[in-house]
Each structure stands twice: as C-alpha cells, then as structure tokens.
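Analysis of the macromolecular model
Here is how the chains run, residue by residue.
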Amino acid sequence: MKNLEFKGKVALITGASRGIGRAIAIELAKNGANIAINYNSNLKSAKETQKLVDKTGVKSEIIKADVSREKSIKLLIKQTEKKLGPIDLLVTNAGIALLSKDPLKLDYKIWKKTMATNVDGTLLPIKEVLPGMIKRKYGRIVCLSSIAGLGMRPNMITYGTSKAAVIALVRNLSAAVAPHIRINSVAPGLIETDMIESLDKKTRKNMIENTPLKRIGKPQDIANSVCYLLSDRSDYTTGQTIVTDGGRVPLP
Ligand code: NAP
C-alpha cells in the first residue's frame, strides 16, 4: 500500500479556490491530508477545487472567509476544526497583487487593501491556529510570499513591501514557536494563474528570456515546494524562504 506522507493530517489552505492554492490543496490531498478549502468570493471555483480534492478520497470542506478580517478568520478556524479536527498544516496562500498606473502615486487605498489581505491575511490565520498547535506540540505552517519581496521592483512597491513583511514575519516567528512548530515561506516567481492574466505578450517574453529555466512557472511547481516544507523531509528547516522562480532571483 502507498505510504501517504500526510495521511490523516488536517490542512487548511487559504485562497484555495484557484491558482496556486488549488494546486496545493490537490497535492496535499493526493498525499492523504483532509482539506479545508477557503475562498473569499468565488464559490464556483472553490467547488471545482473540492471536486478535484474529493477524487483522492480524503475528507474536504469549503469554508468562505475574508482573510483580512479577524472575525471571519476566527470563524474559519472554528469551522475547520469542528468539521475536520485540529489543524496540523496551515498554508497562508490568499493574496492580491493590485497594480496602479502610476506606481509613484503610492495609492493609499491600494496600500491598505494590499496590506490587509497579504499581511493581516497571513498573520490572522497563524495567530488563530497557534494556541492549538502549541498545546498539541505539533504544527507546520507555510506562507506564500514572492520574489517581489526580495528584489527592487519599481512597479510593485506596495505588493513587494507586503511580501517582504511576510518573509520577515516567518523569520521572526520561527524561533519563537520552535521546536515543535515549523514555519517557512515559499517565494514564487512568475506563475501561470489569474493573477498574471493582465501581463502583455512582450513582458511575458522578456520574463521568460530572463529566467534561467526558460519558462513561466506552474502552480504545481509551487505546490511541490510547499509540500516539501510541510513534510518531515524538511524537518531541520524553519524560518526560511525557498525561492521557486526558475532561477531568476539568487539568494545568498
Ligand atoms: P489567484 O489565482 O489570483 O488566486 C487568489 C486566491 O486568493 C483565490 O483563491 C482568492 O479567492 C483568494 N483570495 C483573495 N483575496 C482573499 C481574501 N481577502 N480572503 C480569502 N481569500 C482571498 O492568485 P495566485 O497566483 O494563485 O497566488 C497565490 C499566492 O501566491 C498569493 O499570495 C500571491 O501573492 C502569491 N504569488 C503569486 C505569483 C504569481 O505569479 N501568480 C507570484 C508570486 C507570489 P476567490 O477565488 O474567492 O477570489
């Protein structure tokens, strides 16, 4: 019989209705985890994710919640634990990338929405699952950041800052929650999802040319890195950010 890496574990993935979150949900399910699929507004897509997850034979639940709102997150965690049991694996994946026509305007509305979704939306689920994980002396957390949080991107000042905050949160929290809980981050490069649908052909071509592995990433590429960090195969790794970007941004 196949030895499933996450058999019987409960995993919550925020923003699992589409894109990278969906790929993570399916990969975890294929490896035996029961899955809580969070979404914000797109129930139809969340149901599509559930259909794919359910094919693997694990248990799943769809739970609507806005990750930027504390009350909503408290309910999300409560409902997940009531329906599936205590959360072992948390992936904070929900995120937005709002671009403004003039980046130097530093649009404050965009700033506030981005920080609420990408930074509060990372902190709040972690804050809510931590007491249980500490009590049970077990927990694995992976947060989606971005290479935009590592480089200098004049057109992504707000988004890049929000993702740098995620990287710093993971790094600082890791020592505080050790040794029973591990928390790491995955920093994707350009990945083929709805998030990059507005990119024009020329920019895509340039990006591919500037990527050593010569392609745009797939959600599965990120799911693979996330599952590695959630698994026992990375048992001596915490506080780190794994860049998964085809080689564009080298970390020292
Ligand atoms: P996507 O295709 O746009 O999907 C975004 C997901 O986040 C959807 O499931 C969406 O739910 C959910 N979401 C958005 N706001 C939410 C909120 N307030 N509360 C709950 N859920 C919310 O994005 P993606 O490309 O898969 O990106 C996933 C993560 O990877 C993000 O954190 C993103 O910043 C990061 N990332 C992506 C790329 C890339 O090139 N794609 C690169 C670097 C980093 P609904 O379906 O209900 O709207």
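Above this text you will find the structure in question.
For clarity, every value in this text was computed on a predicted model and none was experimentally measured. (Residues numbered from 1 in each chain as written. Predicted model: local features only at pLDDT ≥ 70, side-chain atom pairs only at ≥ 80, totals over all residues. Heavy atoms only, no water.)

1. So, the site of the ligand
- Lining the immediate environment of the ligand, one finds 32 residues, of which Ser17, Ser41, Asn93, Tyr159 and Thr193 sit closest.
- Here Ile20 contributes a backbone N or O atom positioned 2.8 Å from an oxygen atom of the ligand.
- The contact in question runs from an oxygen atom of the ligand to an N or O atom on the backbone of Asn40, over 2.8 Å.
- In the complex, the protein chains occlude 94% of the 910 Å² of accessible area that the ligand would expose alone. (Near = heavy atom within 4 Å. Polar contact = N/O pair within 3.5 Å; in protein donor to acceptor, adjacent residues only side chain to side chain. Areas by Shrake-Rupley, 256 points an atom, 1.4 Å probe, with all protein chains shown as cover.)

2. Points about the packing of aromatic side chains
- Overall, the coordinates contain zero aromatic pairs when judged by the stated rule.
- Lying over the aromatic face of Tyr138, Lys9 brings its terminal NZ or CZ to 4.8 Å of the ring centre. (Phe/Tyr/Trp six-rings, centres within 6.5 Å; stacked < 30°, edge-to-face > 60°. Lys NZ or Arg CZ within 6 Å of the ring centre and 35° of its normal.)

3. Concerning the environment of Pro103
- Secondary-structure assignment places Pro103 in the loop between strand E4 (89-92) and helix H4 (108-136).
- Among the residues examined, Pro103 registers a relative accessible area of 26% and is labelled partly exposed.
- Considered as a pair, Pro103 and Lys135 are 32 residues apart in the sequence and their alpha carbons are 45 Å apart.
- In contact with Pro103, not counting residues within four places along its chain, are Pro154, Asn155 and Ile157. (Helix = DSSP H or I, 4+ residues; strand = E, 2+ residues; numbered from the N terminus. Buried < 20%, exposed > 50% of the residue type's maximum accessible area, 1.4 Å probe, protein only. Contact = heavy atoms within 4.5 Å.)

4. Structural notes on the sheet that holds strand E2 (residues 34-39)
- Here seven strands make up an open sheet; going across it, the order is E3-E2-E1-E4-E5-E6-E7 and the pairing parallel. Where the open sheet ends on each side, the last strands, each with one partner, are strand E3 (60-64) and strand E7 (241-244). The mean angle between the axes of side-by-side strands here comes to 15 degrees, regardless of whether they run parallel or antiparallel.
- Judged from the four bridges that link them, E4 and strand E5 (residues 139-144) form a sheet pairing that is parallel. Bridge pairing in E5 places Leu90 opposite Ile141.
- Those strands touched by H4 are E4, E5 and strand E6 (181-188), and its axis lies near 170 degrees from that of E4. (Pairing = 2+ DSSP bridges. Axes fitted to C-alpha atoms, helices over the stretch in contact; angles between N-to-C directions.)

5. Structural notes on a nonpolar patch on the surface
- A cluster of nonpolar side chains, namely Leu104, Leu106 and Ile157, defines an oily patch on the protein surface of about 290 Å² accessible area.
- On the secondary structure map, Leu104 appears in the loop between E4 and H4.
- The exposure class of Leu104 is exposed, given its relative accessible area of 69%. (Patch = residues over 30% accessible without salt bridge, like charges linked within 9 Å, V, L, I, M, F, W, Y side chains within 5 Å. Salt bridge = Lys/Arg side-chain N within 4 Å of Asp/Glu carboxyl O.)

6. Some words on helix H7 (residues 219-230)
- The end-to-end C-alpha distance of H7 is 16 Å, a good match for the 16 Å that 12 residues give at a rise of 1.5 Å each.
- Burial of H7 is extensive: nine of the 12 residues sit out of reach of the surface.
- Listed as buried for H7 are Pro219, Asp221, Ile222, Ala223, Ser225, Val226, Cys227, Leu229 and Leu230. (Expected span 1.5 Å × (residues − 1).)

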